[in-house]
Amino acid sequence: MKLIKAIIKPFKLEEVKEALSELGIEGMTVTEVKGFGRQKGHTEIYRGSEYTVDFLPKVMVEIVVADDIVSKTVEAVVKAAKTGKIGDGKIFVLPIEEAIRIRTDERGDGAV
Amino acid sequence: MKLIKAIIKPFKLEEVKEALSELGIEGMTVTEVKGFGRQKGHTEIYRGSEYTVDFLPKVMVEIVVADDIVSKTVEAVVKAAKTGKIGDGKIFVLPIEEAIRIRTDERGDGAV
Amino acid sequence: MKLIKAIIKPFKLEEVKEALSELGIEGMTVTEVKGFGRQKGHTEIYRGSEYTVDFLPKVMVEIVVADDIVSKTVEAVVKAAKTGKIGDGKIFVLPIEEAIRIRTDERGDGAV
Amino acid sequence: MKHWYKLVLIMSGAFILATAPGSPAQLQAEEAEAAAEYEPTEDDLAFKAEYEEMVAEHGFHAYAFDFFVTSMLWTVIAAGLVFLMHLGFATLETGLTRQKNAVNVLFKNVFIISIGILTYGLIGFNMHYPGEWQIPYVFGIGSPIGDLNQDFTLGYGGIGLAMTGYGDFIFQAMFAATAATIVSGVVAERIKLSSFMVFSLVLVAFAYPIAGSWHWGEGFLAELAVPFYDFAGSSAVHGFGGFAALGAVLILGARRGKYLSGGRMKPILGHNIPLAAVGVFLLWFGWFGFNGGSVLSAEPKDLGLVFTTTAMSAAMGAIAAMLTSWILLKKPDITMALNGVLAGLVGITAGADAVGPWAAVFIGLVAGIIVVFAIIFFDKVKIDDPVGAISVHGVCGVWGTVVIAFFNPDISLVSQVIGTVTFCGFAFVVAVVLALILKATMGLRVTEEEEDEGLDYSEHGQEAYPDFGKVTG
Amino acid sequence: MKHWYKLVLIMSGAFILATAPGSPAQLQAEEAEAAAEYEPTEDDLAFKAEYEEMVAEHGFHAYAFDFFVTSMLWTVIAAGLVFLMHLGFATLETGLTRQKNAVNVLFKNVFIISIGILTYGLIGFNMHYPGEWQIPYVFGIGSPIGDLNQDFTLGYGGIGLAMTGYGDFIFQAMFAATAATIVSGVVAERIKLSSFMVFSLVLVAFAYPIAGSWHWGEGFLAELAVPFYDFAGSSAVHGFGGFAALGAVLILGARRGKYLSGGRMKPILGHNIPLAAVGVFLLWFGWFGFNGGSVLSAEPKDLGLVFTTTAMSAAMGAIAAMLTSWILLKKPDITMALNGVLAGLVGITAGADAVGPWAAVFIGLVAGIIVVFAIIFFDKVKIDDPVGAISVHGVCGVWGTVVIAFFNPDISLVSQVIGTVTFCGFAFVVAVVLALILKATMGLRVTEEEEDEGLDYSEHGQEAYPDFGKVTG
Amino acid sequence: MKHWYKLVLIMSGAFILATAPGSPAQLQAEEAEAAAEYEPTEDDLAFKAEYEEMVAEHGFHAYAFDFFVTSMLWTVIAAGLVFLMHLGFATLETGLTRQKNAVNVLFKNVFIISIGILTYGLIGFNMHYPGEWQIPYVFGIGSPIGDLNQDFTLGYGGIGLAMTGYGDFIFQAMFAATAATIVSGVVAERIKLSSFMVFSLVLVAFAYPIAGSWHWGEGFLAELAVPFYDFAGSSAVHGFGGFAALGAVLILGARRGKYLSGGRMKPILGHNIPLAAVGVFLLWFGWFGFNGGSVLSAEPKDLGLVFTTTAMSAAMGAIAAMLTSWILLKKPDITMALNGVLAGLVGITAGADAVGPWAAVFIGLVAGIIVVFAIIFFDKVKIDDPVGAISVHGVCGVWGTVVIAFFNPDISLVSQVIGTVTFCGFAFVVAVVLALILKATMGLRVTEEEEDEGLDYSEHGQEAYPDFGKVTG
Ligand SMILES: Nc1ncnc2c1ncn2[C@@H]1O[C@H](COP(=O)(O)OP(=O)(O)O)[C@@H](O)[C@H]1O
Ligand SMILES: Nc1ncnc2c1ncn2[C@@H]1O[C@H](COP(=O)(O)OP(=O)(O)O)[C@@H](O)[C@H]1O
Ligand SMILES: Nc1ncnc2c1ncn2[C@@H]1O[C@H](COP(=O)(O)OP(=O)(O)O)[C@@H](O)[C@H]1O
């Protein structure tokens, strides 16, 4: 099992969710985050002072999937989240050693 | 060391915290998240339109523990967070390679 | 590649960001979290009742870096985030198996 | 600094424009001159004559065109201010409870003011001021209001009640819902919506006007040797509401998770302190209508005094609660300061026209101290009042009603105690009985699960702040 | 419990202080006694004489010092209340839209009230009430206001319009921006700021006063056999605004992501329900000035009636919408309750002085039911109205204007229909034409990307709630 | 669509009910008929006689029942409106500062209005309007207010000050705290709570009434050859507050992290723009009481003019600041628009009754432009003013006071400059001295750590928005 951590533009969440649903993925967890990256230099103003907004609103989607569908999942996220503009985000894949469903105590692939 | 990522129902946080304290676990980090899972189909209304709320409020508890108490910890979380109803959440266990306490520069098990 | 998860005091975020920028690190993702740790016992009042605030506001900075600069990065964070007082936070290092830049589909070290 | 010359340019241009001939300034000056030299024309004189004729034509009503008109105007404005107190209550209660119940709290507040006005029209008004008594001095049945302008003299209540019937009605209608609103905050976050709606309907439609008739409707409290005195309702409104809330909450119980085993307590924090502060400022503002309007005319002596005593008691209540919480709890507690304002306001309500400004300061001082102790006390005895309304309205209502006997020789301590006990006791009993009946029938509380999930979700299927992420939605 | 003795100590001390000789209470009593025994001194009498002389000196204006003064006072206070409605609109619209557009919504609301007052002074006032007609009964050109105190008799409009020119102006100016504000909520979250500014400028500066002149400026609707009757503007203001919004939104289109393929719909939730509730309470409060001020004097009979009908219709509207949404949608929807209040207010606006309180309840009842169905209906036909203003102001405006013909024998159904169609039709056509012109020239909508990112970012480069983390900033 | 028939059914039923005999509509009609035919009965006539007798009985005070009563009513209502400005300040300041200091900002605002009213009663009022001077035209000692209804003629100030003593007091008391409140926003987020409390207490209890006496208390500024003219206090209140703030902030220093090394600046964003917007709308609303109440009577000519000039200057200020920020900063900045409203309001305050509406527009125009430049300027010179109050109240206060000399021939430029310099200079010096003393004794600033953690935590141990997660709590 792997944990896929995708940091995407907030308004792409809906499309990513639908792309994953179509793959049959039934679970994910979403966090509101701020991202710092190459997509910077955009300036805002506040009361006359220009300033660079370093941290942009992003959404982090965490999806745990069985090993065999990792690449399919990653592809689906990439496709749904891409706008082609800087700041589209990243996907990180981490190893998972165990997964447990709290309700049933199921473990492993069956738990996710 | 392992990172235990538990996604639970928000109102169970207090009980989980107490269960972990009883185990002698002294640290954890909590994030407000939205969860998408099997627990769905529940509909809300807004100005006359019914809609399915896909993303439900959850809380993610991240706990780093030494390898030997991982299973005890997982069990404690499962016990405290279980209601038996769908949507109780998941626990994921990830490997940790290093842990550092910023204040003292301590490393390893002593740092958590 | 590694994922460096640093939990720090919120008002240290700016300094940490600058320390990382100086290292040439161009990306990070920040989440607002609540931390439970040794730094406790501090009591607040609300309408006459004293209570212990268990969960303190923290900020979690997640940085993915190539293996060779992990220790430099960790040091930089430690230096920038340290106040020497309890509650300064932790840094956890996790293995990353893959990284993808959504915009370009680049993979690996080049993606971060 | 390169922009400064632009400023200078713009301003110079504007100046020239403004002072040039034909400019506003110029026109202004010319008009002023013209005005000074003005002699009334024939037209003016004709208009004047016409105006006077019009007034004369009103003939029979003409006498009304002075004090009466002004008083009536004040009455409806005051009604508007009392209405605004309901926004104050709504925001205060929402601010001092949790996010997950905010929609529910707001819904209840919209309901209460609405149903309060309607039932007051349907039966309350004529029960509050019974034309005739079914049980003398105790109960007069209510009937819907008719055309309250029927009193063609307009001189509805003479100099002491200088307003039309509609003016009287709408001012009193806005008052009526206050008692129920006080309860609403205390039972928040756990009462079943439908049961609360029945509870508050009965309170506002029956209990409040019946009790009110004993004092303001010339009932038995007005017939005491020395009549009971409660200017704008420290007891008749606030004590009533506070003790009704106490009764309700005794049956309802505390919110889950507040009182832990072993005598420990976990405070449940209000989710939006700025909103609560907005509420208290609006309540203070509205209270000028609540107390000021209770002068029932624009009588200038009383009006000035009432505004002054009201403001000074509120101000002293705030400072007193600030200092008390600072000394007692080591920290200056904003929610205590806010409750201190309200304590001062409730305290002065019974005697706002019957004491001087420094007596008002004293009343506010004690109210501001009491309220802090009372809030702590009720928590100690596990009576869970999220907004502190039992302390603010109940305890300080009693204080305000009784204390004025010491400041005004025309007021009797005995009568004050009788009146206070009557209102608070009646409200308490009605609330307990009502709550017990509801508990046995419809159920009074939401289920534990619903309470945990929050009433916004379980009762309304709505969220107060649904946006997730700054730009997700 | 160890603090209680402190309380007792403090209070005893305070009591002694308060009742001791020289204490406030004592002084109070002495002063009261002195007052009772008071005989006017020579000074007093001199003062009285002086006062009377001063009044006499005002000579020519002296008659004004009674009904006129009071009426004028009410007019400016009512103007203030109508102003406050703009805060109501601002908070309601902000609350019912998304976080990412909050700055933009607020900006538009500050703009509208400001430009509304200015253009009304520049041309609107004299177009609304034409001194002379360019096209008889249809169009009179506007010119800037001059010194409106020039009418030195002050008796500006006689008993029916008992106010100075400035009083009349400022009250009407506050009204003027209302129509544009109604549009603002409906087109929110996607209209281009600059285009909206042009749109609302034209609406408030030209369309509203021209249409208004047909009714209130003695134009053709006032010349019908039985004149069209619209007391405070169910059609002339609210219907006008609602149908202008409908026209605009037809050209503008729905927000992205709301109406999905396959007939599915994804509601876009308002981000701050407490803020929306604050808005509705403020609107209700301000409406007492909107309707009450439309009495155009402090005439007590009408004033009391208007306050009562306004409150009762709003209250019934709220309850009706609550129950309708509860029955129809299974859950008590707070946003429907809030819209129900407004539906009742809009509904009663045409006849607030022309029907009795129970007719007002009926009008509010139907308005509160209609509004729920209308909101659902517009969503069904994919007309995307984030705040429900087309239903509230447009549909209930029509309802309120037409229904009074059944309650008041002096009002003609035919005239009401003519008037309503005139206002709503004109507003609709103007809005459609204007929106089409803007679309072809400046562009009406922001780009898809800007809409996704939110207008706060794309138009203003600002965030409504920029703090990240409780203590980061 | 299956619900529509239900709607039709409900409505038809309601219609039948409403128009059937015995229905409200029917009753209405019958009552109207009865009214038309009405002949006063003996009872009516008796009542009329009784009423007239009552008025006659008031005898000595009877003359008061006209202009005086109306004026007094306006005075207390205006006092209420000025009170509401304190909510405006509280929300504006809270909105424009960070979340972590919100409780602290609100606490200070509750404190200021409360202590302001109390000290004004204790010494301020009689220092502001000295009965006798200790230092002629410069200083008269204050004493607590007594029974201000003691003037049994009630004709307190004649036609120019047509109110009772209490009316005068409460209106002025609400004013008094304004100056201190202006400072509160500027020093927010870093001043020590206890030191601020001492600072503002001295300001409101001593400095403000002493300075005020020079102008409004018949002191030396009223004795100039051409008396200094400042209608409602552009200098005496706003300039005073703005320059006191400037003095305080010079000693206090900027917030940590705002001005970086190398001349760079990092703006510190306000955390809740909607709350700030609410504040500005409420301030505008309250300003109708601030300026309108300063007419000191219900004199209709002035009242209408003052409402109009106030509204038009505010509106123009908003538009001017919008455009200036748009042109200068490329984006339409909401906080600048909000400050523009306030700039217009402060600007017109000195001459609201002394200039015409188009002069008011000019004053607002320039104020709205100046304020944007001033805010940028103060940031450039590292004077850190989170809310822009030095620019709004200080700079625009000066502008408003001086400019009216160009519009009104009765006002002298020299006197205006003298007066403005006096108020602003005095306030500045007092603030600097006071801040230095506090710095040397109690300490003026919180520690760096406390500032980082936020004052809500370090000073109050409370959070403004403590809920974590929608349903955790
Ligand atoms: N090294 C990194 N570690 C963690 N998060 C990163 C890293 N680099 C980028 N991110 C996240 O990805 C987002 C997008 O990255 P950015 O460099 O702006 O654009 P792009 O993904 O198009 O290269 C950032 O806002 C940040 O949240
Ligand atoms: N594959 C997954 N990856 C990440 N998070 C998941 C995954 N599946 C479920 N979750 C999280 O767990 C929560 C509960 O899961 P759900 O399927 O609704 O119920 P249950 O845990 O009872 O099976 C979800 O709301 C989501 O936050
Ligand atoms: N075992 C742990 N797992 C996850 N997070 C932890 C753990 N221990 C501490 N933390 C995080 O680190 C923060 C600081 O830890 P704490 O024990 O309070 O102080 P210190 O870092 O100085 O030892 C906590 O608030 C929490 O967010």
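Analysis parameters
- Residues numbered from 1 in each chain as written.
- Chains lettered and ligands numbered in written order.
- Predicted model: local features only at pLDDT ≥ 70, side-chain atom pairs only at ≥ 80, totals over all residues.
- Heavy atoms only, no water.
- Axes fitted to C-alpha atoms, helices over the stretch in contact; angles between N-to-C directions.
- Helix = DSSP H or I, 4+ residues; strand = E, 2+ residues; numbered from the N terminus.
- Parallel < 35°, antiparallel > 145°, perpendicular 65-115°, else oblique.
- Left-handed = near helix turned anticlockwise from the far one by under 90°.
- Contact = heavy atoms within 4.5 Å.
- Nonpolar A, V, L, I, M, F, W, Y, C, P; charged D, E, K, R; others polar.
- Expected span 1.5 Å × (residues − 1).
- Buried < 20%, exposed > 50% of the residue type's maximum accessible area, 1.4 Å probe, protein only.
- Polar contact = N/O pair within 3.5 Å; in protein donor to acceptor, adjacent residues only side chain to side chain.
- Near = heavy atom within 4 Å.
- Areas by Shrake-Rupley, 256 points an atom, 1.4 Å probe, with all protein chains shown as cover.
- Bend = angle between axes of the 7 residues up to and from the residue.
- Salt bridge = Lys/Arg side-chain N within 4 Å of Asp/Glu carboxyl O.

What follows concerns the packing of helix α7 (residues 193–215) of chain E against helix α8 (residues 234–252) of chain E. Residue and element names in this part refer to chain E. At their nearest, the axes of α7 and α8 sit 12 Å apart, and the two run at 135° to each other. As far as their axial angle goes, α8 and α7 are oblique. Between α7 and α8 lies a crossing whose hand is right-handed. Where α7 approaches α8, its residues Phe199, Leu203, Ala207, Tyr208 and Ala211 are matched on the opposing element by Ala236, Val237, Phe240, Ala244 and Ala248. Considered class by class, the residues forming the contact of α7 with α8 number 10 nonpolar, no polar and no charged.

Right, let's talk about helix α10 (residues 300–329) of chain D for a bit. All names here are of chain D. Given a rise of 1.5 Å per residue, 30 residues ought to cover 44 Å, and the 43 Å separating the end C-alpha atoms of α10 matches this to within 8%. Within α10, 25 of the 30 residues are buried, which leaves the element mostly enclosed by the surrounding structure. Looking one or two residues beyond α10, the residue adopting positive phi is Lys330, at roughly 75°.

What follows deals with the side chain of Lys108 of chain D. Residues and elements named next belong to chain D. Inspection of the secondary structure puts Lys108 in helix α5 (residues 102–128). Side-chain polar atoms of Lys108 contact the backbone oxygen of Ser184, separated by 3.3 Å. If near-sequence neighbours (up to four positions away) are discounted, Lys108 is found in contact with Ser184, Val187, Ala188, Ile191, Leu193 and Phe196.

Attention now goes to the site of ligand 3. Contacts to ligand 3 come from 22 residues, most closely from Thr29, Arg101 and Arg103 of chain B together with Arg38 and Gly87 of chain C. Proximal residues around ligand 3 fall on chains B and C, making this an inter-chain site. Contact between ligand 3 and Thr29 of chain B: an oxygen atom at 2.8 Å from a side-chain N or O atom of the residue. With respect to ligand 3, the backbone of Gly89 of chain C contributes an N or O atom lying 3.1 Å from an oxygen atom. Burial of ligand 3 by the protein amounts to 98% of the accessible area it has alone, namely 550 Å². Among the elements of the structure, β2 (28–36) and β5 (56–65) of chain B together with β2 (28–36) and β6 (90–95) of chain C are those that each provide at least two residues to the shell around ligand 3. The leading source of residues in the shell around ligand 3 is β5 of chain B, at 3 residues.

What follows is about the environment of Leu56 of chain C. With respect to the element layout, Leu56 of chain C can be found in strand β5 (residues 56–65). Taking the C-alpha atoms as reference, Leu56 of chain C lies 24 Å from Leu94 of chain C; in sequence the two are 38 residues apart.

Turning next to α5 of chain D. Residue and element names in this part refer to chain D. Counted at 1.5 Å a residue, the expected span for α5 with its 27 residues is 39 Å, but the 33 Å between its end C-alpha atoms falls short. In α5, a bend of some 65° at Tyr120 exceeds every other bend along the element. By the criterion of burial, α5 is predominantly enclosed, with 25 of the 27 residues buried.

One pass over the full model with this rule turns up 57 salt bridges over all chains. For Glu15 of chain A, the salt bridge identified is with Lys12 of chain A, shortest N-O distance 3.3 Å. The partner of Arg255 of chain F in a salt bridge is Asp384 of chain F, and the shortest N-O contact between them spans 2.9 Å. With Arg255 of chain F in the loop between α8 (234–252) and α9 (273–293) and Asp384 of chain F in the loop between α12 (357–380) and α13 (389–407), this pair connects stretches of sequence that are 129 residues apart. The buried category is assigned to Arg255 of chain F, whose relative accessible area is 3%. Taken together, the shared-partner salt bridges in this structure form one network comprising Lys5 and Glu62 of chain A, Lys5 and Glu62 of chain B together with Lys5 and Glu62 of chain C.

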